[in-house]
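Remarks on the overall topology
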Amino acid sequence: DAMVIQNPRYQVTQFGKPVTLSCSQTLNHNVMYWYQQKSSQAPKLLFHYYDKDFNNEADTPDNFQSRRPNTSFCFLDIRSPGLGDAAMYLCATRDRGGTEAFFGQGTRLTVV
Amino acid sequence: QQQVKQSPQSLIVQKGGISIINCAYENTAFDYFPWYQQFPGKGPALLIAIRPDVSEKKEGRFTISFNKSAKQFSLHIMDSQPGDSATYFCAASSRGRGSTLGRLYFGRGTQLTVWP
């Protein structure tokens, strides 16, 4: 059974049109991460939540925002997608005292 | 600055052969070293992980060798199979404080192809 679920699996958006990606988890983990992964590259951390404590990576563009309304759900908002934002976006969770990160299947974003 | 360096970038191995992927790190605060396997269009999945208090960990055909003094660790896949063809990422994390605890630093990945 899927434990970290990302929707949609594939998203096509127009250049400059806001888009929201979602992530839900059934693990009740208090840490959630958003990664951006471009083709043939390692996942790049955009931001993470430790409970409701939001942590932004220094090089995450302002164009990217995130919301976590409750433990189970987390959203990634891209306010004005550019062609360079086309990538796979991965959500991951981790338990407070644990080390293993559990990844979702990812959302493949295409910007046209 | 790349916290974890991984090589090779790509690897082609004959079925039944041994696949070896190497990683190196600088931050001595790292104390957890996982390997993730990623198939095309899927998210990474934890394959095997090691802590620096042991030099080797084996799970089935997969073995991590860890050299603390050299700050290097490697993944060995014995009897490689076509189904092992995927991208492999090494990573490292540390027992940081608060929200930095467990933050993963990934290597650039190795694309493994196993020919039948």
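The coordinates are above.
Residues numbered from 1 in each chain as written. Chains lettered and ligands numbered in written order. Predicted model: local features only at pLDDT ≥ 70, side-chain atom pairs only at ≥ 80, totals over all residues. Heavy atoms only, no water.

**Quick notes on the pattern of salt bridges**
Residue and element names in this part refer to chain A. Under the defined criterion, the tally for this structure stands at 7 salt bridges over all chains. Of the charged contacts in the structure, one is a salt bridge between D59 and K44, with a shortest N-O distance of 3.4 Å. A residue pair is termed long-range when its members are at least 10 positions apart, and D59 in the loop between β6 (53–56) and β7 (64–67) and K44 in strand β5 (residues 44–50) qualify at 15 residues. (Salt bridge = Lys/Arg side-chain N within 4 Å of Asp/Glu carboxyl O. Helix = DSSP H or I, 4+ residues; strand = E, 2+ residues; numbered from the N terminus.)

**Here's the deal with the interface of chain B and chain A**
Each partner contributes residues to the interface: chain B has 19 residues there, and chain A has 24 residues. Summing both sides of the interface, chain B and chain A together bury roughly 1800 Å²; the carbon and sulfur share of this comes to 52%. Inspection of the chain B/chain A interface yields 1 salt bridge. Among the elements that make up the side of chain B that touches chain A, the one with the highest residue count is strand β4 (residues 30–38) of chain B (3 residues). (Contact = heavy atoms within 4.5 Å. Buried area = accessible area lost by both parts, 1.4 Å probe.)

**Section: the pairing of β5 of chain A**
Residue and element names in this part refer to chain A. Of all 7 residues that make up β5, 6 are buried, and the element is covered over most of its length. Bridge count for strand β4 (residues 31–37) against β5 is 6 bridges, and the pairing is antiparallel. Paired with Q36 across the strands is K44, a residue of β5. Hairpin connection, β4 to β5: the antiparallel pair is bridged by 6 residues, and S40 has positive phi, about 60°. Alignment of β5 against β6, held across 4 bridges, turns out to be antiparallel. Bridge pairing in β6 links H48 to N55. (Buried < 20%, exposed > 50% of the residue type's maximum accessible area, 1.4 Å probe, protein only. Pairing = 2+ DSSP bridges.)

**Observations regarding the side chain of S80 of chain B**
All names here are of chain B. In this fold, S80 is placed in the loop between β8 (72–77) and β9 (86–94). What makes S80 buried here is its relative accessible area of 0%. When sequence neighbours within four positions are dropped, the list of residues in contact with S80 reads V13, Q14, K15, G16, G17, I18, S19, R61 and V114.

**Structural notes on the sheet that holds β7 of chain A**
Residue and element names in this part refer to chain A. Read from one edge of the open sheet, 4 strands run β1-β3-β8-β7, paired in antiparallel fashion. Whereas interior strands pair on both sides, the edge strands pair on one side only; in this sheet they are β1 (4–7) and β7. Between one strand axis and the next, the sheet turns by 20° as a mean value, whatever way the strands run. When β7 meets strand β8 (residues 73–78), the two strands line up antiparallel, connected through 4 bridges. Bridging from a neighbouring strand, R67 pairs with F75 of β8. (Axes fitted to C-alpha atoms, helices over the stretch in contact; angles between N-to-C directions.)

**Examining unusual backbone geometry**
Backbone phi values are negative for most residues with the exception of glycine, while trans is the configuration of most peptide bonds. Note the cis peptide between N7 of chain A and P8 of chain A, where omega equals -10°. By the secondary structure assignment, P8 of chain A is in the loop between β1 and β2 (10–13). Note that the residue after S7 of chain B, namely P8 of chain B, is joined by a cis bond; omega there is -5°. Turning to its location among the elements, P8 of chain B is positioned in the loop between β1 (4–7) and β2 (10–14). Unusually for a residue other than glycine, K71 of chain B sits at a positive phi of about 55°. Turning to its location among the elements, K71 of chain B is positioned in the loop between β7 (62–67) and β8. Using a relative accessible area of 21% as the deciding quantity, one classes K71 of chain B as partly exposed. One non-glycine residue, D79 of chain B, adopts positive backbone phi at about 50°. On the secondary structure map, D79 of chain B appears in the loop between β8 and β9.

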